[in-house]
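# Notes for the structure review
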Amino acid sequence: MTTDSTADLSQRVATMSESATLAVSAKAKELRAAGEDVIGFGAGEPDFDTPDHVVEAAQAACADPTLHRYSPAGGMPVLKQAIVDATAAHTGLEADPSEVVIANGGKHALYNVFQALLDPGDAVLIPAPYWTSYPEQVALAGGEPIAVPTTLDQGYKVTPEQLEAARTPRTKAVVFNSPNNPTGAVHSPAEIAAIGRWAAQAGLWVIADEIYEHLVYGDAEFASLPVVAPEAAPRTVVVSGVAKTFAMTGWRVGWTIAPAPLSKAMGTMQSHATSNVANVSQKAALAALTGPMDQVTTMRETYERRRHVAHEKLNAIAGITCPLPEGAFYLYPSVEGLLGQTIGGRTVRTSGELCEALLETAKVAMVPGEAFGAPGHMRISYALDEQQMITGLDRVAEVLG
Ligand code: GLU
């Protein structure tokens, strides 16, 4: 096992870099395990425990021998039905269980979509800032990711005009993510409808990543793209999962709701690639989707409070400009005003260098904007213990003050 065989790696993976969001959170955990007092603002991972009734359902599933065997590769029928019912109740999207494929988390669900939809050379429009894994997954499927930049002035909300300007005859799909990771932007129902209408007219597929569907704050309103733009529905894939809503990141249950032929193809692919998601996790997801929502409400209210606290603290720091996010659990301030400054004895020229300097000096882990196709920013998750969050942001203020 000592041969240096990197030259033998496929071209697809040779240039790929590790997920920055996972890398930053792994680094924070590693430093903490080594005894360093590092506060992690990295991965978007709820700090709450998975609700008790969900854990109890999983424990019961462990003890059920019928669940020690394979189940259908695309997901348990009972969970597909629960996904259909929960989605209809929350978003108004009417679907059939045959249109659902249950995957190993939202990330795997997206991977399935790109693999099943794209041929080499197909272009996919990805509004930026974007979640770090979209372009990598598109490229892995042989597609070409095309970033469509949005600005702070427009609240990071992409418009049909911007998408149209980026469209070419090779464009096959557009990724649409609201509430958004990393910016926290939430498009209004009318804005989403306009994007859906444009996509339908252009004959494009829409990959609507709606994983943060339950996390909207203040006056913001969640809307599901195929519901407000029914003309786009025949070419829309909705992606969601239990991770963010129910504090279940480690259980790995996500899904797609897509037209039946695409769903069938993804199920077939999964039958060769992964088979079923762990039955225990599927039973846990079933309990989450069919059980009480009071803990979800409590978590959402807690995030809402934290977002105000963090927003205020960040904006009080000279050189940081932070819009108030309306959804998900991230803040995405511009740190342009800090670039060129000396922090901890080094001159920081990029947001990447700033994050490194803050990790060393303030002992906080944040994800640089480079990972999201928008340098000059940092992503700060507020899905962490509130006191830790306050301490961490105070440390940043002190180092930058
Ligand atoms: N989606 C979360 C994030 O952006 C979890 C980590 C990941 O899968 O990228 O931090």
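Residues numbered from 1 in each chain as written. Predicted model: local features only at pLDDT ≥ 70, side-chain atom pairs only at ≥ 80, totals over all residues. Heavy atoms only, no water.

## As for the overall build of the protein chain
Counting secondary structure elements, the protein chain contains 14 helices and 14 strands. Against the compact-globule benchmark of 21 Å for 401 residues, the protein chain has a radius of gyration of 21 Å, which places it among compact chains. Oriented by its inertia axes, the alpha-carbon framework of the protein chain measures out at about 60 × 60 × 55 Å. Taking all 401 residues of the protein chain together, 53% fall into the buried category. Sequence separation of 24 or more characterises 72% of the internal contacts of the protein chain that already satisfy a separation of 6 or more. With the model as given, the accessible surface of the protein chain reaches about 16,900 Å², and the carbon-plus-sulfur share is 53%. Where the 27 positive side-chain charges of the protein chain centre and where its 44 negative ones centre are 4 Å apart. (Helix = DSSP H or I, 4+ residues; strand = E, 2+ residues; numbered from the N terminus. Rg over C-alpha atoms; globule rule 2.2 N^0.38 Å. Buried < 20%, exposed > 50% of the residue type's maximum accessible area, 1.4 Å probe, protein only. Contact = heavy atoms within 4.5 Å. Areas by Shrake-Rupley, 256 points an atom, 1.4 Å probe, with all protein chains shown as cover. Lys, Arg positive; Asp, Glu negative; His and termini not counted. Charge placed at Lys NZ, Arg CZ, Asp CG, Glu CD.)

## A look at the packing of aromatic side chains
Under the defined criterion, the tally for this structure stands at 8 aromatic pairs. Arranged with centres 5.6 Å apart and planes meeting at 90 degrees, the rings of Tyr 212 and Phe 329 form a pair that is edge-to-face. Note that Tyr 212 is positioned in the loop between β6 (205-209) and α9 (225-228) and Phe 329 in the loop between α12 (294-315) and β9 (330-331), a separation of 117 residues in sequence. Across this residue pair, the class does not change: Tyr 212 and Phe 329 are buried. For the pair Phe 329 and Tyr 330, a centre-to-centre distance of 5.2 Å together with 65 degrees between the ring planes defines the contact as edge-to-face. (Phe/Tyr/Trp six-rings, centres within 6.5 Å; stacked < 30°, edge-to-face > 60°.)

## Concerning the site of the ligand
Contacts to the ligand come from Ser 19, Thr 21, Leu 22, Ala 43, Gly 44, Lys 107, Trp 131, Asn 181, Lys 244, Tyr 330 and Arg 379. A distance of 3.1 Å separates a nitrogen atom of the ligand from a polar side-chain atom of Lys 244. Arg 379 places a polar side-chain atom, nitrogen or oxygen, 2.7 Å from an oxygen atom of the ligand. Its residues assigned to classes, the shell around the ligand comprises 4 nonpolar, 4 polar and 3 charged. (Near = heavy atom within 4 Å. Polar contact = N/O pair within 3.5 Å; in protein donor to acceptor, adjacent residues only side chain to side chain. Nonpolar A, V, L, I, M, F, W, Y, C, P; charged D, E, K, R; others polar.)

## Overview of the side chain of His 377
If you trace the backbone, His 377 turns up in the loop between β13 (367-368) and β14 (378-381). His 377 gets classed as buried once you look at its relative accessible area, which sits at 10%. Contact partners of His 377, with chain neighbours within four places excluded, come to Tyr 156, Tyr 332, Pro 333, Ser 334, Val 335, Ser 351, Pro 368 and Gly 369.

## Observations regarding the pairing of strand β8 (residues 254-257)
Where burial is concerned, the two faces of β8 agree: the one with Gly 254 and Thr 256 and the one with Trp 255 and Ile 257 are both buried. Two strands pair when backbone bridges link them, and strand β2 (residues 100-103) and β8 are joined in this way by 4 bridges, in the antiparallel orientation. By the bridge assignment for β8, Ala 103 is matched with Gly 254. (Pairing = 2+ DSSP bridges.)

## Things to note about the sheet that holds β14
Ordered by their spatial adjacency, 3 strands build an open sheet running β9-β14-β13, and the pairing between neighbours is antiparallel. Looking at strand neighbours, the two that pair on one side only are β9 and β13, the edges of this open sheet. Note: β9 against β14, 2 bridges, orientation antiparallel. Looking at the pairing, Tyr 330 lines up with Ser 381 of β14.

## Let's talk about the pattern of salt bridges
Under the criterion given, the structure shown has 15 salt bridges. Between Glu 386 and Arg 305 there is a salt bridge, with the nearest N and O atoms lying 2.9 Å from each other. Highlighted residues: Glu 386 in helix α14 (residues 386-400) and Arg 305 in helix α12, separated in sequence by 81 residues. For Arg 305, a relative accessible area of 44% gives the class partly exposed. The salt bridge involving Lys 313 is made with Asp 394; its shortest N-O contact spans 2.7 Å. Here Asp 394 lies in helix α14 and Lys 313 lies in helix α12, a separation of 81 residues in the sequence. Salt bridges linked by common partners bring Asp 47, Arg 305, Arg 306 and Glu 386 together as one network. (Salt bridge = Lys/Arg side-chain N within 4 Å of Asp/Glu carboxyl O.)

## Re helix α4 (residues 77-91)
Under the 1.5 Å per step criterion, the end-to-end length of α4 is 21 Å for 15 residues, consistent within 8% with the ideal 21 Å. Residues Leu 79, Lys 80, Ala 82, Ile 83, Val 84, Thr 87 and Thr 91 constitute the buried set of α4. On its buried face, α4 sits against β2, α9, β8 and α11 (279-290). (Expected span 1.5 Å × (residues − 1).)

## What about the packing of helix α5 (residues 106-117) against helix α6 (residues 133-140)?
Here α5 crosses α6 at 40 degrees, and the two axes come no closer than 9 Å. α5 and α6 meet at a crossing whose hand is right-handed. Of the residues in α6, those in contact with Lys 107, Leu 110, Tyr 111, Phe 114 and Gln 115 of α5 are Ser 133, Tyr 134, Gln 137, Val 138 and Leu 140. Tallied by class, residues from the contact of α5 with α6 come to 6 nonpolar, 3 polar and 1 charged. (Axes fitted to C-alpha atoms, helices over the stretch in contact; angles between N-to-C directions. Left-handed = near helix turned anticlockwise from the far one by under 90°.)

## Some points on the state of the cysteines
Under the defined criterion, the tally for this structure stands at 0 disulfides. Lacking any disulfide linkage, Cys 355 is separated from the closest cysteine sulfur, that of Cys 322, by 13 Å. Relative accessible area serves as the criterion here: at 6%, Cys 355 is assigned to the buried category. (Disulfide = S-S within 2.5 Å.)

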